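# Coordinate analysis (summary)
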Amino acid sequence: MLIDTLKLLFSRDLLRLKAEINLYKDESKLWIVEENIANSAGNLCLHLIGNLNTYIGAVFGKTNYIRNRELEFSLKNISKKELADKIESTILVVEQSLKNITEEELKKEYPILVFDQKTSVEYLLIHLTTHLTYHLGQINYHRRLLDK
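Procedures and definitions
Residues numbered from 1 in each chain as written. Predicted model: local features only at pLDDT ≥ 70, side-chain atom pairs only at ≥ 80, totals over all residues. Heavy atoms only, no water. Core = buried A, V, L, I, M, F, W, Y, C linked by side-chain atoms within 4.5 Å. Buried < 20%, exposed > 50% of the residue type's maximum accessible area, 1.4 Å probe, protein only. Helix = DSSP H or I, 4+ residues; strand = E, 2+ residues; numbered from the N terminus. Contact = heavy atoms within 4.5 Å. Phe/Tyr/Trp six-rings, centres within 6.5 Å; stacked < 30°, edge-to-face > 60°.

Proteins that are soluble and globular tend to have nonpolar side chains buried together. If you look at the biggest cluster of nonpolar residues, it comprises 36 residues, and the most contacted ones within it are Phe10, Leu17 and Leu125. At the level of elements, helix H1 (2–23), helix H2 (41–60), helix H4 (80–98) and helix H5 (121–146) are the ones that each hand at least two residues to this core. At 11 residues, H2 tops the list of elements feeding residues into this core. Setting aside anything within four residues of it in sequence, one finds Phe10 in contact with Leu52, Ile56, Val94, Leu98, Leu125, Leu128, Thr129 and Leu132.

What follows is the structure in structure tokens.
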């Protein structure tokens, strides 16, 4: 039951992420950082893609994804189309990977130490949904502030 809810939430919010990226009128504004804004929308998008491909795709989907977190924040000027394609690929990876998790597995320990202490699979997946939503809100605000 929780897995079905998680699939819906990840799909919904990744589609919202794609929509936010596509709503930028001026593609160059995706990469702007001003005043107290620490990260561009483009870099936050890359960060979310890397995060989900690492903690869901590689672990549960056995995709062999290798993360380069530093590049998520240093790459610039990737087109809206390429970002949208990466989001679409991530939607498929997350959907396929979550199919591999049973309700019983949710209670098990997540196999990678992500925080200061071990967590359950359930905890980490819920964390990943809130992490996605948090950055999605930042991207929405970034677009409305800087893409005038």
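Now that the structure has been shown, the text picks up again.
This paragraph deals with the packing of aromatic side chains. Summed over the entire model, instances satisfying the criterion amount to two aromatic pairs. Aromatic side chains Phe115 and Tyr123 sit 6.1 Å apart centroid to centroid with 90 degrees between the ring planes, which places their arrangement in the edge-to-face category. Tyr123 sits in the partly exposed class, given a relative accessible area of 48%.

Unlike most non-glycine residues, Lys62 shows phi in positive territory, near 55 degrees. Tracing the backbone through its elements, the reader meets Lys62 in the loop between H2 and helix H3 (69–74). What makes Lys62 exposed here is its relative accessible area of 61%. One non-glycine residue, Asn77, lies in the positive phi region at around 60 degrees. Classification of Asn77 by relative accessible area gives exposed; the value is 62%.

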